[in-house]
Amino acid sequence: MAKKNEELITLSALEEDLLTVLRGKELYGLQVMNAINEASDGKRQIGFGSLYPTLHRMEKKGLVKSRWGEETDAESGGARRKYYEITGLGEQVLRETQEYRAHLAGWKPVFIEQLNFVQLVPNQLGVEGV
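Conventions used here
Residues numbered from 1 in each chain as written. Predicted model: local features only at pLDDT ≥ 70, side-chain atom pairs only at ≥ 80, totals over all residues. Heavy atoms only, no water. Pairing = 2+ DSSP bridges. Helix = DSSP H or I, 4+ residues; strand = E, 2+ residues; numbered from the N terminus. Contact = heavy atoms within 4.5 Å. Axes fitted to C-alpha atoms, helices over the stretch in contact; angles between N-to-C directions. Left-handed = near helix turned anticlockwise from the far one by under 90°. Nonpolar A, V, L, I, M, F, W, Y, C, P; charged D, E, K, R; others polar.

1. Structural notes on the sheet that holds strand 3 (residues 27–28)
- Taken together, the 3 strands give an open sheet; going across it, the order is 3-5-4, and neighbouring strands pair in antiparallel fashion. A single partner strand is all that each edge strand has here, and the edge strands are strand 3 and strand 4 (64–72).
- One ladder, built from 6 bridges, connects strand 4 with strand 5 (residues 80–86); its direction is antiparallel. Within strand 5, the residue paired with Lys-65 across the bridge is Glu-85.
- Lying over the sheet, helix 3 (residues 48–61) contacts strand 4 and strand 5, oriented at roughly 125 degrees with respect to strand 4.

2. A look at the side chain of Thr-87
- Relative to the assigned elements, Thr-87 resides in the loop between strand 5 and helix 4 (88–105).
- If we ignore the near neighbours within four places in the chain, the residues touching Thr-87 are Gly-62, Leu-63, Val-64 and Lys-65.

3. Some words on unusual backbone geometry
- Located in the positive-phi region is Asp-41, a residue other than glycine, with phi close to 55 degrees.
- By secondary structure assignment, the location of Asp-41 is in the loop between helix 2 (29–39) and helix 3.

4. Quick word on the packing of helix 1 (residues 13–22) against helix 4
- Between helix 1 and helix 4, the shortest axis-to-axis distance is 10 Å and the interhelical angle comes to 120 degrees. The interaxial crossing formed by helix 1 with helix 4 has left-handed handedness. Contact residues: Glu-16, Leu-19 and Thr-20 in helix 1; Gly-90, Leu-94, Thr-97, Gln-98 and Arg-101 in helix 4.
- Counted by class, the contact of helix 1 with helix 4 contains 2 nonpolar, 4 polar and 2 charged residues.

Printed below as a string of structure tokens:
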């Protein structure tokens, strides 16, 4: 995993989702929330109370950067939007996290592969209905 100032950077599930959404895009908060909601068919929803503190922590870690937009929008009560994008470090940490997950999913015990054990089925072990 990538390190910032010799500190190992690991991602929470939400941080991984946010970096994935921001990969190759610059989005403001509501767009990020909508992207996660739409991509999950509504099964995963985040609120402002978890989105913005998480983005702020990620910015402190150097994983994302932000900028204030110039426009104001009636939808947001005339407030300016803050746009977020992934940094080079964020890209690296996300890539390493995804590679780790792929390796983890394909993991098999080394000693079984080395000894060429035959996979045992439950009834050979005397276990029923497993």
